[in-house]
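# Inside the fold
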Amino acid sequence: MNILVLCTGNSCRSQMAEGYLKHFAQEQATVYSAGVETHGVNPRAISIMKEDNIDISTHTSNNLEEYTAIEFDYILTVCDNAKERCPFFPGKAEKLHFNFFDPSKVEGTEEEIHAAFVKTRNQIKEYCKNFVDNTVLKAL
């Protein structure tokens, strides 16, 4: 099963989702993430995932154009901008969407920024766990 997670810049939310989907699905799915643009992997995303023992430090920020030849089973958009700009992918891919808050846009104290990343990370974790339980593992 091939899963693509799309976001605007493939730097934060899609990277966290890729990390959790790989963690929960283990060997049952091949997970990719991409953006309609590439902004590099956000260091705060790496740090917040490390707090939950998920290492995304080797992830790269990829453009969705790199994956047009792959036949996906699911395309998950994790922000409204990516949903609106997501191109047509040939094949049978089912598109699912959830607009997660972008913690990289938060300005304030370190504590406020950290809290925003924790909140988004935890929402993404729950979403990914439910997706894997109800989709990937049920397909076995």
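Residues numbered from 1 in each chain as written. Predicted model: local features only at pLDDT ≥ 70, side-chain atom pairs only at ≥ 80, totals over all residues. Heavy atoms only, no water.

Let us look at the side chain of Thr135. Tracing the backbone through its elements, the reader meets Thr135 in helix α4 (residues 110-136). Note on Thr135: relative accessible area 13%, which makes it buried. Leaving out residues up to four positions away in the same chain, Thr135 has contacts with Met1 and Tyr74. (Helix = DSSP H or I, 4+ residues; strand = E, 2+ residues; numbered from the N terminus. Buried < 20%, exposed > 50% of the residue type's maximum accessible area, 1.4 Å probe, protein only. Contact = heavy atoms within 4.5 Å.)

What follows covers the packing of helix α1 (residues 13-25) against α4. Relative to each other, α1 and α4 sit at 40 degrees, their axes nearing to 9 Å. When the axes of α1 and α4 are compared, the pair comes out oblique. Here α1 and α4 pass one another in a crossing that is right-handed. Residues Arg13, Met16, Ala17, Tyr20, Leu21, Phe24 and Ala25 of α1 touch α4, and the partners they reach there are Thr120, Arg121, Ile124, Lys125, Cys128, Lys129, Phe131, Val132 and Val136. Per-class residue counts for the contact of α1 with α4 are eleven nonpolar, one polar and four charged. (Axes fitted to C-alpha atoms, helices over the stretch in contact; angles between N-to-C directions. Parallel < 35°, antiparallel > 145°, perpendicular 65-115°, else oblique. Left-handed = near helix turned anticlockwise from the far one by under 90°. Nonpolar A, V, L, I, M, F, W, Y, C, P; charged D, E, K, R; others polar.)

The next point concerns the nonpolar core. Counting residues in hydrophobic clusters, the biggest one holds 31 residues, and the most contacted among them are Ile3, Leu21, Leu76, Cys128 and Phe131. Sorting the residues of this core by element identifies β1 (2-7), α1, α2 (43-50), β3 (74-77) and α4 as the ones contributing at least two each. At nine residues, α4 tops the list of elements feeding residues into this core. Listed in part, the nine residues of the second largest apolar core include Val36, Leu64, Phe72 and Ile75. (Core = buried A, V, L, I, M, F, W, Y, C linked by side-chain atoms within 4.5 Å.)

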